[in-house]
Amino acid sequence: MRTRTTLLALPVAAAVTMGLTSCGLLSSQTTTATKDLEVGQCYNPVSKDSGGENAVGEVTVVDCSKAHTYEVIAQTTFGDDVKQLPHKDALRSLGQGFCLGEDFTKYVGIESSKTSYQVEYLTPGDGTWAQGDRKISCVVAQGDKSQVKGSAKNSKK
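Here's a quick rundown of the structure. (Residues numbered from 1 in each chain as written. Predicted model: local features only at pLDDT ≥ 70, side-chain atom pairs only at ≥ 80, totals over all residues. Heavy atoms only, no water.)

## Considering the state of the cysteines
Item 1. Per the stated rule, a full pass over the model turns up two disulfides.
Item 2. For Cys42, the disulfide goes to Cys64, at an S-S distance of 2.0 Å. Taking the sign of the torsion about the S-S bond as the criterion, the disulfide between Cys42 and Cys64, at about 95°, is right-handed. Of this pair, Cys42 sits in strand β3 (residues 42-45) while Cys64 is found in the loop between β5 (58-62) and β6 (70-77), placing the two residues 22 residues apart along the sequence.
Item 3. For Cys42, a relative accessible area of 0% corresponds to the buried category.
Item 4. One disulfide in the model links Cys99 with Cys138; its S-S distance is 2.0 Å. A torsion of -80° about the S-S bond marks the disulfide between Cys99 and Cys138 as left-handed. (Disulfide = S-S within 2.5 Å. Helix = DSSP H or I, 4+ residues; strand = E, 2+ residues; numbered from the N terminus. Buried < 20%, exposed > 50% of the residue type's maximum accessible area, 1.4 Å probe, protein only.)

## Regarding the packing of aromatic side chains
Item 1. Per the stated rule, a full pass over the model turns up two aromatic pairs.
Item 2. Here Phe78 and Trp129 contribute two aromatic rings whose centre-to-centre distance is 5.4 Å and whose plane-to-plane angle is 70°, an arrangement assigned as edge-to-face. Here Phe78 is found in the loop between β6 and α1 (88-99), whereas its partner Trp129 is found in helix α3 (residues 126-130), with 51 residues between them in sequence.
Item 3. Judged by relative accessible area, which is 12%, Phe78 ranks as buried.
Item 4. Residue placement shows Arg134 over the ring face of Trp129; its charged tip is 3.6 Å from the ring centre. (Phe/Tyr/Trp six-rings, centres within 6.5 Å; stacked < 30°, edge-to-face > 60°. Lys NZ or Arg CZ within 6 Å of the ring centre and 35° of its normal.)

## A look at the environment of Cys138
Item 1. Positionally, Cys138 belongs in strand β8 (residues 135-141).
Item 2. For the pair Cys138 and Ile73, spaced 65 residues apart in the sequence, the C-alpha separation amounts to 5.7 Å.
Item 3. Not counting the four nearest positions on each side in its chain, Cys138 is found in contact with Glu71, Val72, Ile73, Ala74, Phe98, Cys99, Glu120 and Tyr121. (Contact = heavy atoms within 4.5 Å.)

## Notes on the pattern of salt bridges
Item 1. If you walk through the whole model with that rule in mind, you get five salt bridges.
Item 2. Where Lys35 meets Asp36, a salt bridge forms, and the shortest distance between an N and an O atom there is 3.4 Å. (Salt bridge = Lys/Arg side-chain N within 4 Å of Asp/Glu carboxyl O.)

## Here we look at the pairing of β3
For a regular strand, side chains alternate in direction, first toward one face of the sheet and then toward the other.
Item 1. In this structure, β3 lies alongside β5, joined through four bridges in antiparallel fashion. Bridging from a neighbouring strand, Pro45 pairs with Val59 of β5.
Item 2. With two bridges joining them, β3 and β6 adopt antiparallel strand pairing. By the bridge assignment for β6, Cys42 is matched with Glu71. (Pairing = 2+ DSSP bridges.)

## Section: the nonpolar core
Item 1. Formed by 18 residues in total, the largest nonpolar core has its most connected members in Ile73, Cys99, Phe104, Val108, Cys138 and Val140.
Item 2. Only β6, α1, α2 (102-108), β7 (118-123) and β8 provide two or more residues apiece to this core.
Item 3. Excluding residues within four positions of it along the chain, Phe104 makes contact with Ile73, Cys99, Gly109, Ile110, Glu111, Ser112, Thr115, Val119 and Val140.
Item 4. Counting nine residues, the second largest nonpolar core, distinct from the first, contains Val61, Tyr70, Val72 and Val139. (Core = buried A, V, L, I, M, F, W, Y, C linked by side-chain atoms within 4.5 Å.)

Quick look at the structure:
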């Protein structure tokens, strides 16, 4: 199972919930495994118990113009030379470096140090690693996990 780790929590700006541009790339209400998420997809957790240190397995993908909690803003994969799942500290370091860097700025339109979003990342777990999952997905949410309508893409929030 994949795990979600919080990178940073920043104050939630009320303005984020309004005026964001629509993602419009996805069909609504599609349940998918977190390992199959793609950049630009917005989603809601299937279970209220998923998140944080708890395993995340499936999510409901929704059109970004509809109410959602998370949006995938960037992804990277481990190379074929990485033969076993890295230790949690290595995953955290990679997630922080990648998810808060250049890809965040390109997607959201501002540096991560200036965002009102909480930045998190999804990583392979032991089970999904054994099945070939090598993807790290960077996601954004409101600090209080409230739902928003619209995409974080170029929102400069």
